[in-house]
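Structure at a glance
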Amino acid sequence: MTDFTTYLQQANLIGGAWVGADSGTTIDVTNPATGEVIGTVPNCGTDETNRAIAAASDAFKSFSRTDLMTRVKLLHGLHDALMDNQASLALLLTTEQGKPLFEAMGEIAISAAYVRWFAEEVRRAKGEIVPAPTNDRRLLVTRHPVGVVGAITPWNFPSSMLARKLAPALAAGCTVIAKPATATPYSGLAWGKLCEEVGYPAGVVNVVTGSARQIGGAIMDSPDVRKVTFTGSTEIGKTLIRQSADTVKKVSMELGGNAPFIVFDDADLDAAVQGAMIAKFRNMGQTCVCTNRFYVQAGIHDAFVEKLKEAVAALVVGNGIEDGVQQGPMIDMAAVEKVEEFIADAVSKGGKIVEGGKRHGNGGTYFEPTVVTGATADMAFATEEIFGPLAAVFSFDTEEEAIAAANDTDFGLAAYAYTKDVGRVFRLNDGLQYGLIGINSGLITTVEAPFGGLKESGMGKEGGSQGLDDYLSTKYVCVAGLL
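Quick look at the structure, then. For clarity, every value in this text was computed on a predicted model and none was experimentally measured.

**As for the overall build of the protein chain**
When helices and strands are tallied, the protein chain shows 13 helices and 22 strands. The C-alpha atoms of the protein chain give 23 Å as radius of gyration, which agrees with the globular expectation for 483 residues (23 Å, within 12%). When burial is assessed residue by residue, the protein chain has 56% of its 483 residues classed as buried. In the form shown here, the protein chain has an accessible surface area of approximately 18,800 Å², with 51% of it arising from carbon and sulfur atoms. Of the side-chain charges in the protein chain, 40 are positive and 56 negative, and the distance between the mean point of each set is 8 Å.

**What about the nonpolar core?**
Among the nonpolar cores identified, the biggest contains 58 residues, and Leu78, Leu82, Leu166, Leu170, Tyr186, Trp191 and Tyr200 are the most heavily contacted of them. In this view, leucine 78 contacts Val115, Trp191, Leu194, Cys195, Val198 and Tyr200; residues no more than four positions away in its chain are not counted.

**Some points on helix α6 (residues 185–198)**
Taking 1.5 Å of rise per residue, the 14 residues of α6 would be expected to cover 20 Å, and the 21 Å separating its terminal C-alpha atoms lies within 8% of that figure. Those residues of α6 that fall on the buried side of the exposure criterion are Pro185, Tyr186, Ser187, Gly188, Leu189, Ala190, Trp191, Gly192, Lys193, Leu194 and Cys195. Where α6 ends, the next residue or the one after it, glycine 199, has phi of about 110 degrees, a positive value.

**Observations concerning the sheet that holds strand β5 (residues 128–130)**
With antiparallel pairing, the three strands of this open sheet are ordered in space as β5-β6-β22. With one partner strand each, in any of the chains shown, β5 and β22 (472–479) form the two edges of the open sheet. Sheet twist, expressed as the mean angle between neighbouring strand axes with direction ignored, is 25 degrees. Relative to β22, strand β6 (residues 138–145) runs antiparallel, the two sharing eight bridges. Across the sheet, valine 141 pairs through a bridge with tyrosine 476, a residue of β22.

**Structural notes on helix α11 (residues 333–348)**
With 16 residues, α11 extends 22 Å from end C-alpha to end C-alpha; this agrees with the ideal 22 Å at 1.5 Å per step. Every buried residue of α11 is listed here: Ala335, Val336, Val339, Phe342, Ile343, Asp345 and Ala346. The inward-facing, buried residues of α11 abut β14 (352–355), β15 (370–373) and β16 (390–396). At the N-terminal boundary of α11, the capping side chain belongs to aspartate 332, with an oxygen 3.3 Å from the backbone nitrogen of alanine 334. Just downstream of α11, glycine 350 is the residue with a positive phi angle, here 105 degrees.

**Re the pairing of strand β10 (residues 225–231)**
Across the seven residues of β10, six count as buried, placing the element largely inside the fold. Pairing of β10 with strand β11 (residues 250–254) involves five bridges; the strand directions are parallel. The residue bridging phenylalanine 230 from the neighbouring strand is methionine 253, located in β11. A crossover links β10 with its parallel partner β11, the connecting element being helix α8 (residues 234–244), and its sense is right-handed.

**Regarding the sheet that holds β15**
Pairing within the open sheet is mixed, and its seven strands lie in the order β14-β15-β16-β13-β12-β18-β19. Each edge of the open sheet carries a strand with a single partner, namely β14 and β19 (436–439). Strand-to-strand, the axes of this sheet are offset by a mean angle of 25 degrees, without reference to chain direction. Looking at chain direction, β14 and β15 are connected through three bridges and run antiparallel. Bridging from a neighbouring strand, lysine 352 pairs with threonine 373 of β15. The strands that helix α9 (residues 269–281) touches are β12 (259–263), β13 (291–297), β15, β16 and β18 (414–418); relative to β12, the one it contacts most, it runs at about 170 degrees.

**Topic: unusual backbone geometry**
Despite not being glycine, valine 248 shows a phi value in the positive range, around 50 degrees. As for its position among the elements, valine 248 is in the loop between α8 and β11. Given a relative accessible area of 62%, valine 248 falls into the exposed group. Phi angles above zero are rare outside glycine, and methionine 284 is one such case at about 60 degrees.

**Considerations on the side chain of histidine 79**
Assignment of secondary structure puts histidine 79 in helix α2 (residues 68–84). Classification of histidine 79 by relative accessible area gives buried; the value is 12%. In terms of polar contacts, histidine 79 uses its side chain to reach the side chain of aspartate 80, at 2.9 Å. Contacts of histidine 79, omitting those with residues within four sequence positions, involve Ala112, Ala113, Val115 and Arg116.

**Quick look at the environment of arginine 65**
Relative to the assigned elements, arginine 65 resides in the loop between α1 (46–63) and α2. Sequence spacing of arginine 65 and glycine 173 is 108 residues, and the spatial spacing of their C-alpha atoms is 7.3 Å. There is a polar contact of 2.7 Å between the side chain of arginine 65 and the backbone oxygen of lysine 61.

**Points about the pattern of salt bridges**
Two side chains with opposite charge may pair up if their charged atoms get near one another. Enumeration according to the criterion identifies 19 salt bridges in this entry. Glutamate 462 serves as the salt-bridge partner of lysine 165, at 2.7 Å between the closest nitrogen and oxygen. Of the two residues, lysine 165 is situated in helix α5 (residues 160–172) and glutamate 462 in the loop between β21 (458–459) and β22; the sequence distance between them amounts to 297 residues. Take lysine 165 and glutamate 462: they sit in the same class, and that class is buried.

**What to know about the packing of aromatic side chains**
Enumeration over the complete set of coordinates arrives at nine aromatic pairs. A ring pair is formed by tryptophan 155 and phenylalanine 387, whose centres lie 5.7 Å apart and whose planes are at 85 degrees; its orientation type is edge-to-face. Placement of tryptophan 155 in the loop between β7 (148–152) and α5 and of phenylalanine 387 in the loop between β15 and β16 is noted, with a sequence separation of 232 residues between them. Ring centres 4.8 Å apart and planes at 35 degrees place the aromatic pair tyrosine 295 and phenylalanine 394 in the tilted group. Here phenylalanine 394 lies in strand β16 and tyrosine 295 lies in strand β13, a separation of 99 residues in the sequence. Residues tyrosine 295 and phenylalanine 394 agree in their burial class; the two are buried. A network of ring pairs unites the aromatic residues Phe261, Phe294, Phe304, Tyr416 and Tyr418 as a single cluster. Sitting over the face of the ring of phenylalanine 451, arginine 164 holds its NZ or CZ atom 3.9 Å from the ring centroid.

So, how was this worked out
- Counting of residues starts from 1 at the beginning of each chain's written sequence and follows it residue by residue.
- Note on the predicted model: pLDDT of at least 70 is required for a residue's local features to be given, and 80 or more for side-chain atom pairs to be given and counted; whole-chain, interface and lining totals, by contrast, use all residues.
- Side-chain metrics in this entry use all non-hydrogen atoms of the structure; hydrogen atoms and water are not considered.
- The secondary structure listing takes helices from DSSP runs of H or I that are at least 4 residues long and strands from runs of E that are at least 2 residues long, numbered from the N terminus.
- What the globule rule says is 2.2 Å times the number of residues to the power 0.38, and the radius of gyration is computed from C-alpha atoms.
- Residue burial is assigned from relative accessible area. The probe radius is 1.4 Å, only protein chains are included, and a residue is buried under 20% of its type maximum, exposed over 50%, and partly exposed in between.
- For every accessible area listed, the method is Shrake-Rupley and the probe measures 1.4 Å; residues are considered covered only by the protein chains on display.
- Charged residues are defined narrowly, with Lys and Arg counted positive, Asp and Glu counted negative, and His plus the chain ends left uncounted.
- A charged residue contributes its charge at one atom only: NZ of Lys, CZ of Arg, CG of Asp or CD of Glu.
- Buried Ala, Val, Leu, Ile, Met, Phe, Trp, Tyr and Cys residues that are joined via side-chain atoms within 4.5 Å together make up what is termed a nonpolar core.
- The contact rule is simple, with two residues in contact once any of their heavy atoms fall within 4.5 Å.
- A helix is expected to span 1.5 Å for every residue after the first.
- Any two strands are treated as partners once DSSP identifies two or more bridges connecting them.
- Only the stretch in contact is used when a helix axis is fitted, and all axes are lines through C-alpha atoms; the angle between N-to-C directions ranges over 0 to 180 degrees.
- Here a polar contact is recorded for every N or O atom pair within 3.5 Å, except that within protein the pair must consist of a potential hydrogen donor and a potential acceptor, and residues adjacent in sequence are included only if both atoms are side-chain atoms.
- A clockwise path from the first strand over the helix to the second, with the strands pointing away from the viewer, defines a right-handed crossover.
- One side-chain nitrogen of Lys or Arg within 4 Å of one carboxyl oxygen of Asp or Glu is enough to make a salt bridge.
- Here is the rule: rings of Phe, Tyr and Trp (six-membered ring for Trp) pair when centre to centre is within 6.5 Å. Planes less than 30 degrees apart are stacked, more than 60 are edge-to-face, and the remainder are tilted.
- Charge over a ring is defined by NZ of Lys or CZ of Arg lying within 6 Å of the ring centre and within 35 degrees of the ring normal.

What follows is the structure, encoded as structure tokens:
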């Protein structure tokens, strides 16, 4: 078995030193598959975060002026370090988060891909020479690192979510204070060790664990932190946006979702079911772009449900480190209870459980992958994010009805649709109020494309050429007196 202890960091990285909390207190980190304590991390707060901010501010003075190719070389080194240690990092991720090992391997791979992408993309972060109204002037538009960045990441993709923030920040010449989720801190701390190993100077990357309220509060209060990037719930995102006003920080927010998955009667049914399994049950349904609502046209509804039921019943549930496992445990008991509430609400309003529907025989936080039919707009999961292995199937008659139902939410992150009608593809692109749209695919995230939502699903983009923009400030310089 691969050993992950090399990257099991049980201290925080602040100003180039690995340290504990001032109070000496720690937080246990538990393996959701077994309930066993993996280790501890420091329970840090305001004072430690302020020291991390001071270290990042000091490091920014020199790191922001490093040569472009120095930053590119460091990023390529970081990419190689991730891939050289892919198996160990993936095992660490699965151990603290629960997802199957093959998914964790994929997450490390895409994390490395984001690093490589931004190493390449920063070389194209061009400015402009703007035509001047008079001959004695030259008008220059230049781009510069925004400053110290606070990066707050979630537990469901603890490596790739940090990659999408850390890589563009470092590419641009920014320094970073990262706050990984308490449930899955080791994947974030591993990035600190990797950055240290490949040669990033002290203070450029800082990783702090502990009180979300205190660490986040210090980041938001500090005038030295010029940019905050957050992935998490819409509720917390709104709070951070409000807090950002006092120091007028740049913010990017990747918040909640309520993804519709529309299957039209001309769709390739087998392909739609295959896409549905990826879009719904990857990471046990605990993804921000995860399908929340299946809308299936009436003519193929029953056939789709039967095929979906068979595919869901065949899923292998177990410890993610075991061969063949496709569904691991949920992150904690609160997540299990939330799914149970959604199921109870649906059944009380006429929904029918056709597969699963209860806690798994493995015990702990394992839950049976579930399919509920007869879903209606008055059920809680029609408007609230499920974040679990529950597929809710609605029936619809017309394209207009499906688009209207899909948009009937405050969220607008991801949407999926299966159809062979080319004209419909473009109508869906115009009509669906979502930042990411997958047509005939249930897995669409890629480093080359911008990732981000509309409406209350957030602001800003990660990945793609747009993913660098939030880490750069634009200056205009007028040079006069040239004649």
